[in-house]
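Residues per chain, in single letters:
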Amino acid sequence: MLANTPSRQVKSVRTVFELIDRLQALGGATPAQLTEELDLSKSSVHNYLATLEMEGYVVNDDGTYRLGLRFLTHGVAARNMAGIEGPIGSTVEAIAAELSQPTWWVTEEAGRGYFIESAIPADASSIYGSVGKRSYLHTHALGKAALALASEEYVERVADHHGLPQQTRRTTTDVDALLSELTAIRERGYAISEGEAVLGVLSVGVGLEDATGRRHAIGVFGHARNFAGNRAENIGQRLVEAVRDLERDLQDGGA
């Protein structure tokens, strides 16, 4: 479900989360950097940081602030409360071992994709995604596979609410083109996306719903040069088989 935009928003709350987002994106920052990044006064930045530090949400390492581990409490709780535990992780590990490709489990929530868990083979490296990453669903195959499970009305609402921002010159940014692609994904059973999130990166994904109706996707990300011939299609077909087996397990035991 997409969040309703409140008629009146609390500016200070938005500022706090903008500061947190910048700390995360920068991997840590000084008050001077944050003052420039957020266009705030030095005193405001210090006040925000001091409050967050007191509550354990940021840590001061010799003048450079970073996110505190207290965020882990909320992250783990959010995952548990979302009810997405179960055999999906085992399937991700099995696919990664079989295909020798970095494999991810992505969950759709409120029109965005969240990277929940990965399995990276010993001879491979992760080239896209990180646990907890939030992404736009239209930019990669796993997101499109999840969107393909939704109604056209919901997809249009997602596009209206979040937009279809262009990540690269290959990103689908037209809602009609996206809807047409989702129709093809439903017919084929899997999604393929090349260079839409990051140039040179290809992804293949298959969507599934759990017993609660929550939409997920499982798939792989790799360098496009490693998918010569019909390899992406073969991987897509294998993912369909694995996900169908997983769906039967979820129906039998729940997620």
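Our structure is the block above this text.
All of these numbers come straight from a predicted model, not from anything done at the bench.

Colleague: How would you sum up the packing of aromatic side chains? Please name residues and give values.
Modeller: The full count for this structure, using the stated rule, is 5 aromatic pairs. Judged by centre distance (6.0 Å) and plane angle (35°), the rings of Phe115 and Phe221 are tilted. Residue Phe115 is located in strand S4 (residues 112-119), and its partner Phe221 is located in strand S8 (residues 215-223); the two are separated by 106 residues in the primary sequence. Taken together, the ring pairs connect Trp104, Phe115, Tyr128 and Phe221 into an aromatic cluster. Above the face of the Tyr136 ring, Arg112 is positioned so that its terminal group lies 3.9 Å from the ring centre. Positioned above the aromatic ring of Tyr190 is the side chain of Arg188, whose terminal nitrogen or guanidinium carbon lies 5.0 Å from the ring centre.

Colleague: Now, about a nonpolar patch on the surface: what can you tell me, with residues and values included?
Modeller: A cluster of nonpolar side chains, Val10, Val13 and Phe17, forms an exposed patch at the surface whose accessible area comes to about 280 Å². Here Phe17 lies in helix H1 (residues 11-26).

Colleague: Mind laying out the layout of surface pockets, listing which residues take part and the relevant values?
Modeller: When its volume is computed, the second largest pocket comes out at roughly 150 Å³. Lining the second largest pocket are Ser100, Gln101, Pro102, Asp123, Ala124, Ser125, Ile127, Gly222, His223, Asn226 and Arg231. Per-class residue counts for the lining of the second largest pocket are 3 nonpolar, 6 polar and 2 charged.

Colleague: If you had to explain the side chain of Glu108 to someone new, which residues and values would you point to?
Modeller: The topology assignment puts Glu108 in strand S3 (residues 103-109). A polar contact of 2.5 Å, which involves the side chain of Glu108, links it to the side chain of Tyr154. If sequence neighbours within four positions are ignored, Glu108 has contacts with Leu137, Ala146, Tyr154, Arg214 and Arg215.

Colleague: Provide a residue-level description of unusual backbone geometry, including the pertinent values.
Modeller: Not every positive phi belongs to a glycine, and Asp39 is a case in point at roughly 55°. Tracing the sequence through the fold places Asp39 in the loop between helix H2 (31-38) and helix H3 (42-54).

Colleague: Provide a residue-level description of a negative patch on the surface, including the pertinent values.
Modeller: Together, Glu152, Glu153, Glu156, Asp174 and Asp176 make up a negatively charged patch on the protein surface. Ranked by the residues each element gives to the negative patch, the list is headed by helix H7 (residues 152-162), at 3 residues. Relative to the elements of secondary structure, Glu156 occurs in helix H7. Note on Glu156: relative accessible area 40%, which makes it partly exposed.

Colleague: Account for empty space enclosed by the protein, with residues named and values stated.
Modeller: Enumeration over the complete set of coordinates arrives at 2 cavities of 30 Å³ or more. Taken as a whole, the largest cavity spans an internal volume of roughly 60 Å³. Taken together, Gly111, Tyr136, Leu137, His138, Leu147, Val158, His162, Gly163, Leu164 and Leu178 form the lining of the largest cavity. Here the lining of the largest cavity is composed, by residue class, of 6 nonpolar, 4 polar and no charged. Of the volumes computed, that of the second largest cavity is approximately 40 Å³. Around the second largest cavity sit Thr139, His140, Ser193, Glu194, Gly195, Glu196, Ala197, Val198, Val201, Ser203 and Phe221, which together line it.

Colleague: Give me the lowdown on the pattern of salt bridges, citing residues and values where you can.
Modeller: Summed over the entire model, instances satisfying the criterion amount to 12 salt bridges. Taking the shortest distance from any N to any O, the salt bridge between Arg22 and Glu37 comes out at 3.0 Å. Of this pair, Arg22 sits in helix H1 while Glu37 sits in helix H2, placing them 15 residues apart in sequence. Given a relative accessible area of 27%, Arg22 falls into the partly exposed group. The partner of Glu194 in a salt bridge is Arg170, and the shortest N-O contact between them spans 3.9 Å. Of this pair, Glu194 sits in strand S6 (residues 191-194) while Arg170 sits in the loop between H7 and helix H8 (175-188), and the two are 24 residues apart along the sequence. Residues joined in a network through salt bridges with shared partners are Glu98, Arg238 and Glu241.

Rules used in this analysis
- Residues numbered from 1 in each chain as written.
- Predicted model: local features only at pLDDT ≥ 70, side-chain atom pairs only at ≥ 80, totals over all residues.
- Heavy atoms only, no water.
- Phe/Tyr/Trp six-rings, centres within 6.5 Å; stacked < 30°, edge-to-face > 60°.
- Helix = DSSP H or I, 4+ residues; strand = E, 2+ residues; numbered from the N terminus.
- Lys NZ or Arg CZ within 6 Å of the ring centre and 35° of its normal.
- Patch = residues over 30% accessible without salt bridge, like charges linked within 9 Å, V, L, I, M, F, W, Y side chains within 5 Å.
- Areas by Shrake-Rupley, 256 points an atom, 1.4 Å probe, with all protein chains shown as cover.
- Salt bridge = Lys/Arg side-chain N within 4 Å of Asp/Glu carboxyl O.
- 1 Å grid on protein atoms, 1.4 Å probe; cavity = no way out; pocket = protein on both sides within 12 Å on 5 of 7 lines; lining within 4 Å.
- Points joined across faces, edges and corners; volume = space filled by probe spheres on them.
- Nonpolar A, V, L, I, M, F, W, Y, C, P; charged D, E, K, R; others polar.
- Polar contact = N/O pair within 3.5 Å; in protein donor to acceptor, adjacent residues only side chain to side chain.
- Contact = heavy atoms within 4.5 Å.
- Lys, Arg positive; Asp, Glu negative; His and termini not counted.
- Charge placed at Lys NZ, Arg CZ, Asp CG, Glu CD.
- Buried < 20%, exposed > 50% of the residue type's maximum accessible area, 1.4 Å probe, protein only.

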